[in-house]
Structures are given as C-alpha cells and as structure tokens.
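Spelled out from the first residue to the last, the chains are:
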Amino acid sequence: MIKPDDFVLMDDQRHVGLTPSTLIAPLSPDDILASLALSNYADCCIHQKAVQHLVEYVNRTQDGHSQDVPFVIAERIDATIELAIADDAMTVKAVLITAQGGKHIGLPKLIDKLHEAKVSFGLQTQRTLQFLKAAAAADPGIRMEEIIAVGRPAENGRNARFKRLVSTPKERLLQPQPIDKNRVDMRDLGQMCSVRAGDELMRKLPHSQGKDGKNVYGEVLPSISGEDAALVAGERTIICPDDPNLLIAADVGLPMEIEHGMRVDEVLAMKEVNVGTGHIDFAGSIVISGDVREEMRVTARGDIHVLGYVDSAYLKSGGDILVEKGIIGHRRPNGQISCVLKADGSIHARNAQYSQLSAGKDINITRELSHCLVRSLQSVFVGDEKGYRGLLVGGEFNVGERLESVNVGSEAGTNTYILVEGEYERLYERRKALQQRCEKIQFRLDELMEVQIASAKIPEEEKRIAMQNKVAATIQHDHVLMAQAETEIEEIEKAIEAYLSHSRFIAKKHIYPNVHFKLAGQEVVSERVYGPSQAVFSEGELKFEPL
C-alpha cells in the first residue's frame, strides 16, 4: 500500500517524485493517484505518462531489484495571469490559470503586470481582490476571467434645451377632459389656452461643457461641449428683464411655439364662418368656436383653430391648422375635391374625408383619414395616442419622411397610394448630374492626354514647352474638378442611404390588399392582409416585413 508520505518533493522544489523501491507489485495507476490525492501534493499537475511508466517498471521488477531513485510523476505549477486590453483601451480583462500545487497570484504581482502593460487608471480594487480570492479557492488548473480595470468615458455636454411652460392649441385636440376616473368627454377639450402680459412662456436650459474621460492608460478622452442656442423672442414676447433664460408674454394672445422660442399671436375669435360673416383674412391667429361652412375661405398668418367642423371650405395658415371635430369634403362632378387645407406648419384633426391636405410639417389625424389627397413635407400619422384606433383608407399620399397608421386600407381592397419621396428625388438627380459631369471631365482628360503626346512632336522648343505647360495646367485643373465631384457624390450617396434607412411606411395592426407603396423608384403592393408590418428599403429592395 502506498502511503501519502511516500511522495517526496525533489530538490528543485518543483517536481514530485515516488521511489520504486517503496512500492509493491502488482500496482496500478489508480493506486498511485488515490494515494497522491491524500498527500500534500494533491493539487499538483500529474504527469499521466510518467505514472504509467512507473507502474510498468514496478510490475516488471517484482524480484525486488527496483531502483531507489524517485520517478517524477507530478509537478507544482504556479498560477499564471495575462491581461487583455480592449481595442478602445477602456477595459482590462485578467485571464488567470489557477495554481496546480504552486503559488497563487497575489495583488502585488498583478499590479506589476499592470505596470508592465502601462495600465495606470481605472483599477477596480474590490472586484480584483474578490477575483484573486476566488481564484485561490478554485480547482487547480482552471481558466478564470474578470474585468479588473475600467476607463471613464467622456461625458459630452448637453445642448441648450428649451422647456415650454404653457400649452398650445394643438395639444388641446389630444386632451379630452375626464368625466370620472374611467371616462373622458370627447366633446369637452378644456378651456382655450391663452396668455396675458407677464405670463411665463418658455425657459432655456443652458448647455453644459461636458466632462473629460480617461482610458486605462490614463490618457485623457476629450469631451464635446454642448451647443448653445439663443432663446428667441417672437412677436409679442420679451426676454424677462430679471432672468435672461426666461421668455414671457408681452401682450394678451394665443401662445405659439417657434424654433427655440415662442410668439404670442393676436387672436381673432369668431363663432362661425358662413355667408353672413364672409371670407376671413387675418394677420394673426384665428379661433372659430363653431364650424366653417361650405365654400368659405379662411386665411391667417398665424394658426387657425376650428372647434367644430370644416365643411367643403378653403383654409390657409402660415402656422398650424387644428380642427377639433372633422374635415368633411366631397368629390365634385368635375372630379375635384371640395375641401382644401394648406398649412406652412402642421395639420391636426380628428377625421378627414375627401379633402386635400397640404402641410410643411406633419399631418396628424387621430381617427380616420379616407379618400384624401395628402402632401406632407415631413410625416403623416393616423391613430390615437395609445395605438388602439386609426384608419387610413383610399386616396393618394406624398410624404417627405414616413407614414404611420394603426390600419391601412380596407377589407374590400380599396386602392391606397403612398409615395415617400422627400429629398430622394433631388439627391438622385444631383448625383446623376455629377456622374455625367465626371464622364465629361474624363472624356476631356483623355483628349488632353492625346494632345500632350502630340505636343512632343512640335519642332520648335519654345512652342512645344508652352503647349505642354498649358495642357498640364488644364489636366491638373480637371483632376481637381473630378476630385470635387467624386467627393460630393460620396456625400450624396451617404445622404441617400441615411434617408432610405429612415423613410418607411408602418401599419401597427393591419395592412389590407391594394395598398401601393413607392420609395426610391420601387413599388410594393399588398396582395393580402398583413398583421403589424412595415414597408422598408432593405438591401436594395423595397419589401413588407413584420414589425
């Protein structure tokens, strides 16, 4: 029987041996391994071939003529550690192989490793100590990994922001007043929002400078300061004398948001627009508490806010148009639409049918948009805030960026035509013109090269040199023009790629048959009922795909 004390540590204090003369045949490798597991060298790295060789030797020399020189069968191996530094130098990962009867890795050795790697920032001391402690208690010879140092990313500053302090008329359309905890009154949209002189309109939240970071090498990562922007005092507003970041009203009126500021419109209030009032043309904003009747025209430099219906009328606004009930039109015998709304800003309404809607910004319809001719330089949205209801059916749409609706089309297969065009056509034509310019320049360069070759045959030196210099200057100029055109083409292609990745058509619940969607010269048509889907331009192909 092999005793645990039979195993001896060799003079090099590294290898573990077992003397054959202390062993009795017959012997198996398991006998040696079982005893080694009970010895002080149980964690050492076992040399399996050496164990097998020792067993064969003992069993072969059963006559007792075994040698007294120990056979090396195991080895003490110290733990090893390597550092893996991320490409961005923001993390250091320690990769440790635990000791096999040898020495464990201590914090001083790890710190030496960090110094060798020139890591000087971000050591996670507590995490590192826990990692080394776990490694010392772990099974021998296993691989362990841990992030032990982390850089500090730069914190970019925030741009100046602008917080509006009052409601605007367009929000009123989306805020029916509550009757109780579970119901709202869709006919009661609350009081008309107006302001008086001195009322606070908007506060500027100043930009911040940002905070530099450091990578694990201690190198500074510069931050980017936020961009500042001035608080804009529109008409009938002023910057507060006591607070340069506060905008207040200078007069009574309707608050309207503009870029980085507010304006207060003078308000013309009317009960209704009909043949009795005549057409309306006003320099400020108009609030109509009732309806706009058939064939009437309403024009305003500011917003137009109709609390009732717009029925086969013409509205034109330099700002937004808001219709709290509905926009109602019909198709005349000559095929034209009877109701027209044009806004430099956005258009908001609950419903619209058989109407022509044109907006410089978004068009938002909360319930149903049917059989309309719609043009928006930005996007069209059809549906309530929660995405429960919203139907877009029939008509033609020309949209700058994207179209979103809860449902699109009808089970009857009503033809609905959607074109997302925006900047694509302009960019496409510009790229085409530049490519043609490059072709002309290349053709001219080819001709100039022929002229340059021919000029070498001019017998008079003075004329030959003058011609060659002139041709060389022209070639150099054309190369500059070519490089400029190619650079612009690259920029346009990036802009086209960005536009196509952002532009899309989304139906949150259903797309019904015969919905035609066009983008970038391609068209896709729904031939069945789809669930929640979107039409996107992907890998050069326009297609429907699930949300």
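What you are looking at is a predicted structure, and each value in this text was computed from that prediction instead of being measured.

A. Region of interest: the sheet that holds strand 11 (residues 200-205). One open sheet accounts for four strands, arranged 8-11-16-15; its pairing is antiparallel. With partners counted over all chains shown, the strands left at the sheet margins are strand 8 (161-164) and strand 15 (237-239), one partner each. Going across the sheet, the axis of each strand differs from the next one's by a mean of 20°, ignoring polarity. One ladder, built from four bridges, connects strand 8 with strand 11; its direction is antiparallel. Residue pairing in the sheet places Lys 163 in a bridge with Arg 203 of strand 11.

B. How the structure looks around the pairing of strand 2 (residues 15-18). On strand 2, burial covers both faces: His 15 and Gly 17 on one face and Val 16 and Leu 18 on the other are all buried. As paired elements, strand 1 (residues 7-9) and strand 2 share three bridges and run antiparallel to each other. The residue of strand 2 that forms the bridge with Val 8 is Gly 17. With antiparallel pairing between neighbouring strands as the criterion, strand 1 and strand 2 make up a hairpin whose turn holds five residues, including Gln 13 at a positive phi of roughly 55°. Judged from the four bridges that link them, strand 2 and strand 4 (residues 71-75) form a sheet pairing that is antiparallel. Bridge pairing links Val 16 to Ala 74 in strand 4.

C. Expanded view of empty space enclosed by the protein. If you walk through the whole model with that rule in mind, you get one cavity of 30 Å³ or more. In this model, the largest cavity occupies a volume close to 40 Å³. In terms of lining residues, the largest cavity is bounded by Ala 79, Leu 96, Thr 98, Ala 99, His 104, Ile 105, Leu 132, Ala 135 and Ala 136. With three residues, the single largest contributor to the lining of the largest cavity is helix 4 (residues 125-137).

D. Inspection of the nonpolar core at higher detail. In this structure, Val 292, Leu 315, Leu 341, Leu 369 and Phe 505 are the most contacted members of the largest nonpolar core, which totals 67 residues. Top element by residues in this core is helix 7 (residues 461-502). It accounts for eight residues. In this structure, Leu 315 is in contact with Val 292, Val 298, Ile 304, Val 306, Val 310, Ile 321, Val 340, Leu 341 and Lys 342, ignoring residues within four places of it in sequence.

E. Structural view of the environment of Ser 194. In this structure, Ser 194 sits in the loop between strand 10 (184-185) and strand 11. Remark: the alpha-carbon pair of Ser 194 and Phe 537, spanning 343 residues in sequence, is separated by 44 Å. Beyond its immediate chain neighbours, meaning those up to four positions away, Ser 194 contacts Gly 253 and Pro 255.

F. Local environment of the packing of aromatic side chains. What the rule picks out here adds up to four aromatic pairs. Between the aromatic rings of Tyr 530 and Phe 544, the centroid separation amounts to 5.0 Å while the plane-to-plane angle is 40°, which identifies the pairing as tilted. Residue Tyr 530 is located in the loop between strand 40 (522-525) and strand 41 (533-538), and its partner Phe 544 is located in strand 42 (residues 541-546); the two are separated by 14 residues in the primary sequence. What makes Phe 544 buried here is its relative accessible area of 15%. An aromatic cluster of at least three residues, connected via ring pairs, comprises Phe 505, Phe 517, Tyr 530 and Phe 544.

G. The pattern of salt bridges, seen in detail. Inspection of the entire model under this criterion finds 18 salt bridges. The salt bridge involving Arg 236 is made with Asp 251; its shortest N-O contact spans 3.6 Å. Placement of Arg 236 in the loop between strand 14 (232-233) and strand 15 and of Asp 251 in the loop between strand 16 (246-249) and strand 17 (254-258) is noted, with a sequence separation of 15 residues between them. Judged by relative accessible area, which is 33%, Asp 251 ranks as partly exposed. When the shortest N-O distance is used, the salt bridge between Arg 263 and Asp 303 registers 3.8 Å. With Arg 263 in strand 18 (residues 261-265) and Asp 303 in the loop between strand 22 (297-300) and strand 23 (304-306), this pair connects stretches of sequence that are 40 residues apart. We note that Arg 263, like Asp 303, is buried. A cluster of three or more residues bridged by salt bridges with shared partners is formed by Lys 93, Arg 143 and Glu 145.

Rules used in this analysis
Residues numbered from 1 in each chain as written. Predicted model: local features only at pLDDT ≥ 70, side-chain atom pairs only at ≥ 80, totals over all residues. Heavy atoms only, no water. Pairing = 2+ DSSP bridges. Helix = DSSP H or I, 4+ residues; strand = E, 2+ residues; numbered from the N terminus. Axes fitted to C-alpha atoms, helices over the stretch in contact; angles between N-to-C directions. Buried < 20%, exposed > 50% of the residue type's maximum accessible area, 1.4 Å probe, protein only. 1 Å grid on protein atoms, 1.4 Å probe; cavity = no way out; pocket = protein on both sides within 12 Å on 5 of 7 lines; lining within 4 Å. Points joined across faces, edges and corners; volume = space filled by probe spheres on them. Core = buried A, V, L, I, M, F, W, Y, C linked by side-chain atoms within 4.5 Å. Contact = heavy atoms within 4.5 Å. Phe/Tyr/Trp six-rings, centres within 6.5 Å; stacked < 30°, edge-to-face > 60°. Salt bridge = Lys/Arg side-chain N within 4 Å of Asp/Glu carboxyl O.

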